[in-house]
Amino acid sequence: QVALFKGARHVAGVAGAGLANLVFAPPPARVTGFVPAAMQDTFFWLLSELRGHDYTDVRCPAVGPATGPMPWDAALTMPVPEILSHLA
């Protein structure tokens, strides 16, 4: 994963452990984080700022029951065309 991220010009994913390797992406990589709308954490924005990345936070509705201790620990929903519009 480090090898993939260190050559990345654009990193995108749901906020969580899968985005943690963005620290290996070189500046000025674009980072797009898909984040539950109610989540108050700005961790991936901060990582991106520290690394000199261009970060975009895409807030997504959470659906279904919570699967963890926080109310936003649920599945995210967003139509595929909208997801793709954030990656263009």
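Here goes a summary of the coordinates provided. (Residues numbered from 1 in each chain as written. Predicted model: local features only at pLDDT ≥ 70, side-chain atom pairs only at ≥ 80, totals over all residues. Heavy atoms only, no water.)

**With respect to the side chain of Ser48**
Stated precisely, the cut-off is as follows: Secondary structure elements are taken from DSSP: a helix is a run of H or I of four residues or more, a strand is a run of E of two residues or more, and numbering for both begins at the N terminus. Accessibility here uses a 1.4 Å probe with only protein chains present; expressed as a share of the type maximum, an area under 20% marks a residue as buried, one over 50% as exposed, and anything in between as partly exposed. Residues are treated as being in contact if the distance between any of their heavy atoms lies within 4.5 Å.
Along the chain, the position of Ser48 falls in helix α2 (residues 43-51). Taking the relative accessible area as the measure of exposure, Ser48 reaches 0% and is therefore buried. When near neighbours in sequence (up to four residues on either side) are disregarded, Ser48 contacts Leu22, Val31, His53 and Tyr55.

**Points about the pairing of strand β2 (residues 30-36)**
Working note: regular strand, side chains alternate between the two faces of the sheet. Convention followed: Strands qualify as paired when DSSP identifies two bridges or more between them.
Judged by how many residues are buried, β2 sits mostly within the fold: six of seven residues are covered. Summarising the sheet, strand β1 (residues 10-14) and β2 pair through five bridges and their orientation is parallel. The residue bridging Ala12 from the neighbouring strand is Thr32, located in β2. Across seven bridges, β2 lies against strand β3 (residues 54-60) in parallel orientation. For Thr32, the partnering residue across the bridge sits in β3 and is Thr56.

**Remarks on the sheet that holds β1**
Working definition: the strands of a sheet are paired by backbone hydrogen bonds and lie parallel or antiparallel to each other. Threshold: To obtain an axis, a line is fitted to C-alpha atoms, over the contacting stretch when the element is a helix, and the angle between two such axes runs from 0 to 180 degrees between their N-to-C directions.
Read across the open sheet, the three strands follow the order β1-β2-β3; overall the sheet is parallel. Of all the strands in the sheet, the pair left with one neighbour each is β1 and β3. Strand-to-strand twist of the sheet, defined as the mean angle between neighbouring strand axes without regard to direction, takes the value 15 degrees. Of the strands in this sheet, β1, β2 and β3 touch helix α3 (residues 80-87), which is tilted by about 145 degrees from β2.

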